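Tertiary structure, described
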Amino acid sequence: MKRDHEEIYSQIHPFHLEDVGNCYYCGCEAEEVDYAPPVKYLQFFIETGESASYCMIPCCIECHQFLSVSREGLIENRKKVVDQKIRKKYKKALSIYERWSDDEIRGLSDDLSNLNQ
Ligand SMILES: [Zn+2]
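Since the structure is predicted, the reported quantities are computational estimates derived from the model, not experimental observations.

On to the coordination of the zinc ion, then. Every protein donor of the zinc ion is listed here as Cys23 (SG), Cys26 (SG), Cys60 (SG) and Cys63 (SG), and their distances to the metal cover 2.3 Å. Each of the four donor atoms bound to the zinc ion contributes to angles spanning 105 to 119°, and the resulting shape is tetrahedral. Each donor residue of the zinc ion lies on the same chain, and together they follow the pattern C-x2-C-x33-C-x2-C. This pair shows no difference in class: cysteine 60 is buried, exactly as cysteine 63 is.

Quick look at the structure:
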């Protein structure tokens, strides 16, 4: 028998009005809905009684992508997955940024030495 998952999941509402329409995980504009647990594992969670939030969470496209491989049933664990992915991405972005500024500094000193000639 197929269950209507909309009846099982409850919609979560932000505490603050200004958070309405924002991603629960990162605060960006929410354009997707994340399910905790994921709909495809719903039957598993119901049958095993494993702890799960049974919530629909407003979520941005990026976090939705981060979570597409996660089968965590609890919101707080899904948040940890996103935090980890963001940290990893930020670290990469930071190293690119540092490389750029090195080049900029090099470019700047070239300009200065040209001026001196
Ligand atoms: Zn997000």
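Attention shifts here to the sheet that holds strand S3 (residues 55-59). Taken in spatial order, the three strands make up an open sheet running S1-S3-S2, and their pairing is mixed. Strands with a single pairing partner mark the edges of an open sheet, and in this sheet they are strand S1 (10-11) and strand S2 (32-36). Both S1 and S3 contribute to a ladder of two bridges, which runs parallel. Of the residues in S3, the one forming a bridge with serine 10 is cysteine 55.

Here the focus is a nonpolar patch on the surface. Together, Ile86, Tyr90, Leu94 and Tyr97 line one region of the surface with nonpolar side chains, adding up to about 420 Å² of accessible area. For tyrosine 97, the location among the structural elements is in helix H4 (residues 75-116).

The next point concerns the pattern of salt bridges. The tally for this structure, following the rule as stated, stands at three salt bridges. A salt bridge links aspartate 34 to arginine 78; the nearest nitrogen and oxygen atoms lie 2.8 Å apart. With aspartate 34 in strand S2 and arginine 78 in helix H4, this residue pair connects regions lying 44 residues apart in the sequence. Overall, the relative accessible area of 1% leaves arginine 78 in the buried class. The salt bridge partner of glutamate 62 is lysine 89, with a shortest N-O separation of 2.2 Å.

Reading guide: rules and limits
Residues numbered from 1 in each chain as written. Predicted model: local features only at pLDDT ≥ 70, side-chain atom pairs only at ≥ 80, totals over all residues. Heavy atoms only, no water. Donors = N, O, S within 2.8 Å, 3.2 Å for Na, K, Ca; no water. Tetrahedral: all angles 85-135°; square planar, octahedral: opposite > 155°, others 65-115°. Buried < 20%, exposed > 50% of the residue type's maximum accessible area, 1.4 Å probe, protein only. Pairing = 2+ DSSP bridges. Helix = DSSP H or I, 4+ residues; strand = E, 2+ residues; numbered from the N terminus. Patch = residues over 30% accessible without salt bridge, like charges linked within 9 Å, V, L, I, M, F, W, Y side chains within 5 Å. Areas by Shrake-Rupley, 256 points an atom, 1.4 Å probe, with all protein chains shown as cover. Salt bridge = Lys/Arg side-chain N within 4 Å of Asp/Glu carboxyl O.

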